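Observations on the model geometry
Next come the chains, spelled out residue by residue.
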Amino acid sequence: MDAPIDSSPQITVEQAIDNLIGPDLGLRFYSAWWLGKFQVRSPLAIERLTQALKDEDDRTEDGGYPFRRNAARALGKLDAQESVPALIEALDCEDYYVREAAAQSLEMLGSAVAIPALVRRLNNGLIETELNPQVPDLYEPYDALMEALGTLNAQEHVASVAPFLDHPVPRVQYAADRAMYQLTGDAAYGNLLIEALKGDDLQLRRAALSDVGAIGYLPAADAIAETLAENSLKLIALKGVLEKQILPDSSELSEGAIHVMNLMDSLL
Amino acid sequence: MNTATKEQLLQAIEEAATATTLADAVKALAEAQIPETIPNLIRALNYNNPGAAVAAVDGLIALGKDSVPDLLNLLDDYNYGARAWALRALSGIGDPRSHHLLVDTALNDFALSVRRAAARGLGSIHWEWIAPEEAQTLQKTSLDALCQICHDPEWIVRYAGISGLECLGQQPNTEMRSIALHHLQQAQQTDTETAVRARAQLAIDRLT
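These numbers come from a predicted model, not from an experiment.

Calculation notes
- Residues numbered from 1 in each chain as written.
- Chains lettered and ligands numbered in written order.
- Predicted model: local features only at pLDDT ≥ 70, side-chain atom pairs only at ≥ 80, totals over all residues.
- Heavy atoms only, no water.
- Helix = DSSP H or I, 4+ residues; strand = E, 2+ residues; numbered from the N terminus.
- Rg over C-alpha atoms; globule rule 2.2 N^0.38 Å.
- Buried < 20%, exposed > 50% of the residue type's maximum accessible area, 1.4 Å probe, protein only.
- Contact = heavy atoms within 4.5 Å.
- Buried area = accessible area lost by both parts, 1.4 Å probe.
- Salt bridge = Lys/Arg side-chain N within 4 Å of Asp/Glu carboxyl O.
- Polar contact = N/O pair within 3.5 Å; in protein donor to acceptor, adjacent residues only side chain to side chain.
- Nonpolar A, V, L, I, M, F, W, Y, C, P; charged D, E, K, R; others polar.
- Core = buried A, V, L, I, M, F, W, Y, C linked by side-chain atoms within 4.5 Å.
- Domains from an automatic or database assignment.
- Disulfide = S-S within 2.5 Å.

**Details of the overall build of chain A**
Within chain A, the secondary structure is distributed over 15 helices and 2 strands. Computed over the C-alpha atoms, the radius of gyration of chain A is 20 Å, within 12% of the 18 Å expected from 2.2 N^0.38 for a compact globule of 268 residues. Dimensions of chain A, computed from C-alpha atoms along their principal axes, come out at roughly 55 × 50 × 35 Å. Per-residue burial over chain A gives 53% buried out of 268 residues. Put simply, of all contacts in chain A between residues at least 6 apart along the chain, 62% involve residues at least 24 apart.

Okay, here's the thing in structure tokens:
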């Protein structure tokens, strides 16, 4: 469950950047991950990772693009604003996982310019204003798309997100709850996630923990602490809640912040 | 529930067919607080069932000192998930017999959740259970370890180290308190994570 402190084979930044255009596809794939993981914000690395979004060499048997996936993930971690246009194009890649990674990175980059493209993909799940009745429709990475729209505060697109509150896949529902909360500030959506923390399925409780932490929903703090799941995940969720309670220019801690930290202490 | 016998409680664990019923059965056993079932509670840490593990840890902590020898003896055989839970139980009990183990674990264990639990435990040892001179020597070791832990690569381990430093800073020893405060102020000003800086701020507020 825990990653070792130092799990990486010995590799230098220069080697990793060279590997991106080297002959070994496995090393390209690994180096794209590595550069993101260790946040190597080198212009050359970013340039090559951006080019990698158009890679044609590394294909899976069913047509996926593994190198593009890792490159898309890394660019978000590297805060590579210059890669935004290429990531928006990657939202139209035929590989689901590339689209998912691109949506997640555009979210991390705070790219409001990506909103129209994200909504266009999300609308693929709708017929007019209703959910596509094909059950369960998982053609698009709906959860990642909605999470990005929520974080990017795409308030004018609430109508595209709302139908997914009834999606048959709980994970997609939670993403809709999370985005609707971010877009409307309505506590009812946050409370749906609190309910989800009490569900019967551990995987789904874990997913709900991640969502409730991402929106930093203070009323969920006690429910997070009581969720039947690993303390590590509860602590990460509470960290998300805590950080929303901290004002950037004040050393004064709010009551809410202190309450969250007391809960965190009890889970260490 | 309190009327169930030890045998009935153990049988419920044997017969549990789902993760939820297993967690409930362990919880019932833990709440019964029967010292002879300590080995059963320790075994429950190994079920890969977070609900059962949480209940077992709470039960072991409530049983206190009596759990410590078994926990110390059995720790070596356990997988890392179970170790984390066992360490959490030892951290919660705060028996000075586990001090050496907690220091070594907090500094050197490869699993971050285990370092986290040990760091927390270092701050909450029942010093009054041992002679004052011995306590002072051990506290010095704790302080050195916790100051190092405030530079761990993982935010949650640093966070736990800070909470440990806060507890240690509350001991009636002004030199130790001022060293703890110095490290807390450093973390409050320089840590890269908002949550860690906030926890350092809280510790400083409570110590000054």
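Back to the text.
**Looking at the interface of chain B and chain A**
Taken together, the 29 residues of chain B in the interface contact 26 residues of chain A. Taking both sides of the interface into account, the surface hidden between chain B and chain A amounts to around 2300 Å²; carbon and sulfur atoms contribute 64%. The three residues of chain B that bury the most area against chain A are Arg116(B), Trp155(B) and Tyr159(B), which together make up 20% of that side's buried surface. On the surface where chain B and chain A come into contact, there are 2 salt bridges. In this structure, Arg199(B) and Asp265(A) form a salt bridge, with 2.7 Å as the shortest nitrogen-oxygen distance. Inspection of the chain B/chain A interface yields 7 residue pairs in polar contact (both at pLDDT 80 or more). Taken together, the elements giving at least two residues each to the side of chain B that touches chain A come down to helix H4 (50-63), helix H6 (80-93), helix H8 (112-123), helix H10 (155-169) and helix H12 (194-207) of chain B. Top contributing element to the side of chain B that touches chain A by residue count: H12(B), with 8 residues. Of the residues contributing to the side of chain B that touches chain A, the split by class is 15 nonpolar, 5 polar and 9 charged.

**Looking at the nonpolar core**
Counting 105 residues, the largest nonpolar core has Ile224(A), Val26(B), Leu45(B) and Leu71(B) as its most contacted members. A domain split of this core shows at least three residues from each of domain 1 (1-93) and domain 2 (95-208) of chain B. For Leu45(B), the residues in contact, after removing those within four places along its chain, are Ala53(B), Ala56(B), Val57(B), Leu60(B), Leu71(B), Ala82(B), Trp85(B) and Ala86(B). In this structure, Ala72(A), Ala90(A), Leu91(A) and Ala144(A) belong to the second largest nonpolar core, which totals 57 residues.

**Here's the deal with the state of the cysteines**
Residue and element names in this part refer to chain B. Applying the stated criterion to the full structure yields 0 disulfides over all chains. Summary of cysteine pairing: Cys147 is not part of a disulfide, and the nearest cysteine sulfur, belonging to Cys150, is at 6.3 Å. Assessed through its relative accessible area of 8%, Cys150 is described here as buried.

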